[in-house]
Amino acid sequence: MASRTKVKTLTIDGKRVGARGDATILEVAREHDVYIPTLCFLEGLRPNGGCRMCIVEIEGSNKLQPSCVTQVYEGMEVHTDSERIQNYRKKILQLIFSERNHVCSVCVSNGNCELQDTAQKLGMDHVEYPYLYPHMEVDATHDRFAVDHNRCIMCTRCVRVCEGVEGAYTWDIANRGINAKVITDLNQDWGDSETCTSCGKCVQVCPTGALFEKGKAVAEMKKTRQFLPYLSVMREEEE
Ligand code: SF4
Ligand code: SF4
């Protein structure tokens, strides 16, 4: 335990900082107000490093590393905002925008969307890849919620909150590549799910308009996630 928590010293963008031995680069960066964009990461959920938005450069390594799942070590030198990283982040965003239909003007989350916010923040002003737009369905069979697979960026936040926080294990991922999609139970309609408790946590953590509440206007679609940091603090205190 002592070695796990021993303080490490590292530099982030040239600034010397101290960190818990088991901290990730993203945690340390946030503690020191260094902005690293994220999409699949959400405080309180198990990180999975899937979206690659939070990549950083580490001196001595050619590979860019996802900061949400990379632990700090003594003497580490991290760069979070080089030209190379900025270019890669924009390319990753463009690939997300080109894969499914993210036409904001006809989305329920327009103005309350982390994908939209991130594109604006990173200055993504065009998409250089061909749009794929596979035909994806909308499942509106649940009484209160709906899922539009066309807006899904496969961040798996819904999967992780449903299994790790609600304990219902309703969501999962089916298929691969362009055909990958989130499914409920054994790929049946959400409204027929026997495991879903209708808690709405998956809707609240979804960064886009893929999961939404029925009967709400676009301006009311703001998501609330305060329950997550609270639960993670409770978990840490129990450990
Ligand atoms: S509403 Fe709750 S139980 Fe149902 S799928 Fe979403 S997180 Fe899981
Ligand atoms: S439905 Fe939303 S939370 Fe779930 S994987 Fe898609 S974008 Fe992420």
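### What about the overall build of the chain?
When helices and strands are counted, the chain shows seven helices and ten strands. Relative to the 2.2 N^0.38 estimate, which gives 18 Å for 239 residues, the radius of gyration of the chain is 19 Å and therefore close to what a compact globule would have. Judged by the C-alpha coordinates and their principal axes, the chain covers about 55 × 45 × 35 Å. Every one of the 239 residues in the chain was classed for burial, and the buried ones make up 47%. Counting contacts in the chain only where the partners sit at least 6 residues apart, residues at least 24 apart contribute 60% of the total.

### Concerning the sheet that holds strand E10 (residues 211–213)
What the three strands build is an open sheet, ordered E6-E7-E10; its pairing is antiparallel. Strands at the two margins of the open sheet, each flanked by one partner only, are strand E6 (138–139) and E10. Across two bridges, the pairing between E6 and strand E7 (residues 145–148) is antiparallel. Across the sheet, the residue bridging to valine 138 is aspartate 148, located in E7.

### Quick word on the environment of serine 82
Structurally, the position occupied by serine 82 is in the loop between strand E5 (77–79) and helix H3 (83–99). On the basis of relative accessible area, serine 82 is assigned to the partly exposed category, the value being 21%. Between the C-alpha atoms of serine 82 and aspartate 13, which are 69 residues apart in sequence, the distance is 9.1 Å.

### Looking at the nonpolar core
Residues Cys158, Trp171, Trp190, Cys202 and Leu211 are the most contacted members of the largest nonpolar core, which totals 20 residues. When residues of this core are assigned to their parent elements, the largest contribution, four residues, is made by helix H5 (residues 157–166). The residues contacting tryptophan 171, other than those within four sequence positions of it, are Val147, Cys158, Val159, Cys162, Val182, Ile183, Thr184, Trp190, Cys202 and Leu211. Judged by nonpolar contacts, the second largest core, of 19 residues, contains Val17, Leu26, Val28 and Ile58.

### Brief notes about the site of ligand 1
As a structural note, the neighbourhood of ligand 1 is formed by 14 residues, with Cys162, Cys196, Cys199, Gly200 and Cys202 the closest of them. Among the elements of the structure, H5 and helix H6 (201–205) are those that each provide at least two residues to the shell around ligand 1. Split into classes, the residues belonging to the shell around ligand 1 amount to eight nonpolar, four polar and two charged.

### Some points on the site of ligand 2
Near ligand 2 there are 13 residues, and of these Cys152, Cys155, Thr156, Cys158 and Cys206 occur at the shortest range. Here the shell around ligand 2 is composed, by residue class, of ten nonpolar, two polar and one charged.

### Structural notes on the side chain of glutamate 213
With respect to the helices, strands and loops of the structure, glutamate 213 is situated in strand E10. At 3.4 Å, the side chain of glutamate 213 and the side chain of glutamine 204 are in polar contact.

### A short note on a nonpolar patch on the surface
Judged by side-chain polarity, Val103, Val106, Tyr131 and Tyr133 come together as a nonpolar surface patch covering roughly 380 Å² of accessible area. Assessed through its relative accessible area of 63%, valine 106 is described here as exposed.

### A word on the pairing of strand E3 (residues 55–58)
If a strand is regular, its side chains alternate between the two faces of the sheet. Residues Ile55 and Glu57 of E3 are buried on one face, and the alternating residues Val56 and Ile58, pointing to the opposite face, are buried as well. Pairing between E3 and strand E4 (residues 65–66): two bridges, direction antiparallel. Each bridged residue has a counterpart across the sheet, and for isoleucine 55 the counterpart in E4 is proline 66. Here E3 folds back onto E4, and the loop between the two strands holds six residues, one of which, glycine 60, carries a positive phi near 95°. Across two bridges, the pairing between E3 and E5 is antiparallel. Its bridge partner being in E5, glutamate 57 is matched across the sheet by histidine 79.

### Examining the pairing of E7
Residues Phe145 and Val147 line one face of E7 and the alternating positions Ala146 and Asp148 line the opposite face, and both faces are buried. Count of turn residues in the E6/E7 antiparallel hairpin: five residues. By the bridge criterion, three bridges tie E7 to E10 in an arrangement that is antiparallel. Residue phenylalanine 145 lies in a different strand from E10, and its bridge partner there is glutamate 213.

Analysis parameters
Residues numbered from 1 in each chain as written. Chains lettered and ligands numbered in written order. Predicted model: local features only at pLDDT ≥ 70, side-chain atom pairs only at ≥ 80, totals over all residues. Heavy atoms only, no water. Helix = DSSP H or I, 4+ residues; strand = E, 2+ residues; numbered from the N terminus. Rg over C-alpha atoms; globule rule 2.2 N^0.38 Å. Buried < 20%, exposed > 50% of the residue type's maximum accessible area, 1.4 Å probe, protein only. Contact = heavy atoms within 4.5 Å. Pairing = 2+ DSSP bridges. Core = buried A, V, L, I, M, F, W, Y, C linked by side-chain atoms within 4.5 Å. Near = heavy atom within 4 Å. Nonpolar A, V, L, I, M, F, W, Y, C, P; charged D, E, K, R; others polar. Polar contact = N/O pair within 3.5 Å; in protein donor to acceptor, adjacent residues only side chain to side chain. Patch = residues over 30% accessible without salt bridge, like charges linked within 9 Å, V, L, I, M, F, W, Y side chains within 5 Å. Areas by Shrake-Rupley, 256 points an atom, 1.4 Å probe, with all protein chains shown as cover. Salt bridge = Lys/Arg side-chain N within 4 Å of Asp/Glu carboxyl O.

Honestly, that's just the spatial picture; any functional story needs more than this.
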